[in-house]
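Here's the letter readout for the chains.
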Amino acid sequence: MKVAVVGLGKVGLPLAAQYASRGLGVSGCDTDAGRVDDLNAGGCPVEGEAELEGRLRAAQKAGLFTATTDTPAAVAESDVVIIIVPVALDNANDPDFTHLDDAVADVKRGLRSGSLVVVETTVPVGTTRHRVGAALEGALIAASPERVSSGRIFRDLKTYPKVIGPINEPSWDMAEAFYTASLEAPCLLRMRDPETAEFAKLAEGIYRDVNIALAGELAKYADSLGIDVTEAIEAANSQPYSHIHQPGVGVGGHCLPVYPHFIPEGVNATLTRAGREINDGMAGYGVAKLEGTLGSLKDTTVLILGLAYRPDVKEASHSSALLLAQALSERGAKPLVHDPYFSNEEVMSLGLEPSGDLASERVDAIVVQAWHNAYADLDFAAFRGCRAVLDGRNSLDRASVEAAGMIYLGVGR
Ligand SMILES: NC(=O)c1ccc[n+]([C@@H]2O[C@H](COP(=O)([O-])OP(=O)(O)OC[C@H]3O[C@@H](n4cnc5c(N)ncnc54)[C@H](O)[C@@H]3O)[C@@H](O)[C@H]2O)c1
């Protein structure tokens with residue numbers, strides 16, 4: 001079987017490497033010519049993905065992987081086409097199908113009869129049939145939303161069942177043969193149709209977003225009572241029906257903050273929409289808590305540790321760091337942002353001010369947004385003049401912050 005992977009990003013490139021590791025010939029297609037040239041010259045444009053570089057090099061050596069900008073030509077030689085380009089949100093928080101529509105138009109130009117097209121991008125329910133399927137009329141189609149998390153993709157591919165919603169029986173036969181050959185997933189979960197597969201992925205994402213919102217709401221209540229919510233959640237979760245997530249200063253990334261918006265206007269999704277609102281309000285809540293402790297934030301300098309939306313990834317999409325910086329600025333503070341994964345230019349490109357060297361930075365307060373491994377040995381005592389630390393992920397040891405002479409604030413602690 002030959003495979004074309006359309007979209008060589010943080011997910012598409014590891015998928016291409018996975019299929020090639022199993023002996024399939026893979027053409028990786030991307031519109032970014034720089035990325036394609038880099039790959040063909042032996043580079044690896046995706047950072048922080050365990051095993052990726054080694055697998056890519058082995059695949060190239062074995063003649064099983066090449067990258068190209070010519071999607072139609074690659075598709076014309078392929079039995080299976082995997083579409084994994086982003087569907088993000090536009091400025092009105094509506095799904096933006098530009099990349100998907102462009103990719104499908106290219107696929108259509110090369111697609112041969114009998115080849116299977118799988119939509120692995122997370123999409124609003126109905127997109128595979130009514131948008132992709134309608135454009136590729138008569139093709140074998142399936143939806144199989146990718147469930148992995150970047151940074152641990154090869155592990156996730158081996159661990160999670162593969163959810164597949166075929167449009168008809170021949171599509172299932174091809175999809176079953178392809179995923180059995182290309183993955184080491186514990187099992188294939190056949191859905192009755194593409195819509196159910198699309199829905200399952202939205203449900204996973206919305207469940208987590210709403211669950212974290214619940215943890216945030218409980219954290220605020222716990223704060224008002226002087227209770228440590230982490231201790232209470234741990235106790236609650238010791239019973240098998242309780243799976244409360246951890247509260248924090250917000251939910252970022254290009255999945256959880258995005259998928260709730262895939263439920264169309266007019267659908268009654270009160271809880272889902274409230275969850276989004278609560279999560280987006282947590283940065284402001286944390287900053288207000290800091291302000292309440294310090295009296296005022298006017299003319300203070302506040303260091304935000306971690307631009308990435310979660311620890312140890314280089315991904316700032318919808319990061320809570322942006323909402324924290326905004327909330328701090330609104331209260332007259334100057335936010336500085338530090339992240340070992342991002343250059344000063346990359347921080348500035350998001351409209352944020354990068355911090356200088358942490359050892360010499362003078363700040364009035366610190367907000368932990370993403371507690372990267374690189375911060376494990378951070379010495380708070382080195383921040384002379386710093387009065388308080390808001391542990392936005394409840395990741396710190398309270399005693400070590402207090403030993404440095406600073407006030408410790410958590411979310412619900
Ligand atoms: N990143 C994750 O952790 C994750 C997890 C699960 C699922 N997903 C799904 O995967 C999708 C892609 O995520 P990602 O992190 O790989 O995105 P990404 O932004 O890292 O990469 C997308 C790639 O697609 C390319 N591209 C855009 N339009 C194209 C076109 N018309 N033809 C060919 N290539 C095109 C871009 O140049 C880029 O290289 C997400 O939108 C989501 O639906 C992502």
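Details of the structure are given in the entry above.
This text gives an overview of the structure that appears in the document. On a predicted model such as this, the values are computed, not experimentally measured, just so you know.

Okay, the nonpolar core next. By size, the foremost hydrophobic cluster in this structure holds 38 residues, and its most contacted members are Leu 290, Leu 297, Val 302, Ile 304, Leu 307, Leu 324 and Leu 328. Those elements that place two or more of their residues in this core are helix H9 (194-225), helix H10 (229-236), helix H11 (270-294), strand E11 (301-305), helix H12 (320-330), strand E13 (365-368) and strand E14 (388-391). With six residues, H11 is the single largest residue contributor to this core. Once residues within four sequence positions are removed from consideration, Leu 290 is found in contact with Leu 297, Val 302, Ala 365, Val 367, Ala 388, Leu 390 and Leu 409. Grouped together as the second largest cluster of nonpolar side chains are 36 residues, Val 3, Val 5, Ala 67 and Leu 183 included.

Turning to the packing of H9 against H11, a few remarks are in order. Running from amino to carboxyl end, H9 crosses H11 at an angle of 45 degrees, the nearest separation of the two axes being 8 Å. In terms of their interaxial angle, H9 and H11 are classed as oblique. Handedness of the crossing formed by H9 with H11: left-handed. Of the residues in H11, those in contact with Ile 206, Asp 209, Val 210, Ile 212, Ala 213, Gly 216, Glu 217, Ala 219, Lys 220 and Asp 223 of H9 are Leu 271, Thr 272, Gly 275, Arg 276, Ile 278, Asn 279, Met 282, Tyr 285 and Lys 289. A class-by-class count of the residues in the contact of H9 with H11 yields nine nonpolar, four polar and six charged.

Let's shift gears to the site of the ligand. Around the ligand there are 27 residues in total, and Lys 10, Val 11, Asp 30, Thr 122 and His 254 lie nearest to it. Backbone polar atom of Thr 122 to an oxygen atom of the ligand: 2.8 Å apart, as the coordinates give it. The element best represented in the shell around the ligand is helix H5 (residues 98-110), accounting for three residues. Partitioned by chemical class, the residues of the shell around the ligand number eleven nonpolar, nine polar and seven charged.

Before going further, it helps to examine the sheet that holds strand E15 (residues 407-410). With respect to topology, five strands assemble into an open sheet ordered E12-E11-E13-E14-E15, the strand pairing being parallel. Each of the sheet's edge strands pairs with one partner strand only, and the pair in question is strand E12 (334-338) and E15. Each strand of the sheet is rotated relative to its neighbour by a mean of 20 degrees, with strand direction disregarded. Bridge count between E11 and E13: four bridges; the pairing is parallel.

The next thing to look at is unusual backbone geometry. Positioned with a positive phi, Asn 93 is a non-glycine residue whose angle comes to about 65 degrees. With respect to the element layout, Asn 93 can be found in the loop between strand E5 (88-89) and strand E6 (95-96). Looking at Asn 93, the relative accessible area reads 35%, which means it is partly exposed.

Tallied over the entire structure, the rule returns two cavities of 30 Å³ or more. A volume near 60 Å³ is recorded for the largest cavity. Of the residues that constitute the lining of the largest cavity, the class distribution is six nonpolar, no polar and four charged. In this model, the second largest cavity occupies a volume close to 30 Å³. Surrounding the second largest cavity, Val 119, Thr 121, Thr 122, Val 123, Thr 128, Ala 143, Ser 144, Pro 145 and Glu 198 form its lining.

This part covers H11. Here H11 spans 36 Å end to end across 25 residues, near enough to the 36 Å set by a 1.5 Å rise per residue. Within H11, the axis deviates most sharply at Met 282, by approximately 35 degrees. Within two residues after H11, Gly 295 carries a phi angle of roughly 90 degrees, on the positive side.

Once that is clear, we can look at the packing of helix H1 (residues 12-21) against helix H3 (residues 52-61). Close contact between H1 and H3 brings their axes to 9 Å; oriented N to C, the two are set at 50 degrees. Taken together, H1 and H3 sit at an angle that is classed as oblique. The element H1 and its partner H3 pack so that their crossing is left-handed. Contact with H1, carried on its side by Leu 13, Pro 14, Ala 17, Gln 18, Ala 20 and Ser 21, involves Leu 52, Arg 55, Leu 56 and Ala 59 of H3 and no other residues of that element. Split by residue class, the contact of H1 with H3 holds seven nonpolar, two polar and one charged.

Considered as a void within the structure, the second largest pocket measures approximately 270 Å³ in volume. Considering the residues around the second largest pocket, the lining is formed by 16 residues, among which Asn 93, His 261, Ile 263, Glu 265 and Arg 273 are closest to the centre. Classifying every residue of the lining of the second largest pocket gives nine nonpolar, three polar and four charged.

Attention now moves to the sheet that holds strand E10 (residues 188-190). Pairing within the open sheet is mixed, and its eight strands lie in the order E3-E2-E1-E4-E7-E8-E9-E10. Looking at which strands have only one partner, the edges of the open sheet turn out to be strand E3 (65-68) and E10. Going across the sheet, the axis of each strand differs from the next one's by a mean of 25 degrees, ignoring polarity. Where H1 meets the sheet, its contacts fall on strand E1 (2-6), strand E2 (25-29), E3 and strand E4 (80-83), and the angle it forms with E1 comes to roughly 170 degrees. Running at roughly 145 degrees to strand E8 (residues 140-143), helix H6 (residues 127-135) makes contact with strand E7 (116-119) and E8 of the sheet.

Among the secondary structure elements, Arg 384 is positioned in the loop between E13 and E14. On the basis of relative accessible area, Arg 384 is assigned to the exposed category, the value being 63%. Note: C-alpha distance between Arg 384 and Leu 202 (182 residues apart in sequence) is 46 Å. Aside from chain neighbours lying at most four places away, what touches Arg 384 is Arg 362 and Val 363.

Rules of the game
Residues numbered from 1 in each chain as written. Predicted model: local features only at pLDDT ≥ 70, side-chain atom pairs only at ≥ 80, totals over all residues. Heavy atoms only, no water. Core = buried A, V, L, I, M, F, W, Y, C linked by side-chain atoms within 4.5 Å. Buried < 20%, exposed > 50% of the residue type's maximum accessible area, 1.4 Å probe, protein only. Helix = DSSP H or I, 4+ residues; strand = E, 2+ residues; numbered from the N terminus. Contact = heavy atoms within 4.5 Å. Axes fitted to C-alpha atoms, helices over the stretch in contact; angles between N-to-C directions. Parallel < 35°, antiparallel > 145°, perpendicular 65-115°, else oblique. Left-handed = near helix turned anticlockwise from the far one by under 90°. Nonpolar A, V, L, I, M, F, W, Y, C, P; charged D, E, K, R; others polar. Near = heavy atom within 4 Å. Polar contact = N/O pair within 3.5 Å; in protein donor to acceptor, adjacent residues only side chain to side chain. Pairing = 2+ DSSP bridges. 1 Å grid on protein atoms, 1.4 Å probe; cavity = no way out; pocket = protein on both sides within 12 Å on 5 of 7 lines; lining within 4 Å. Points joined across faces, edges and corners; volume = space filled by probe spheres on them. Expected span 1.5 Å × (residues − 1). Bend = angle between axes of the 7 residues up to and from the residue.

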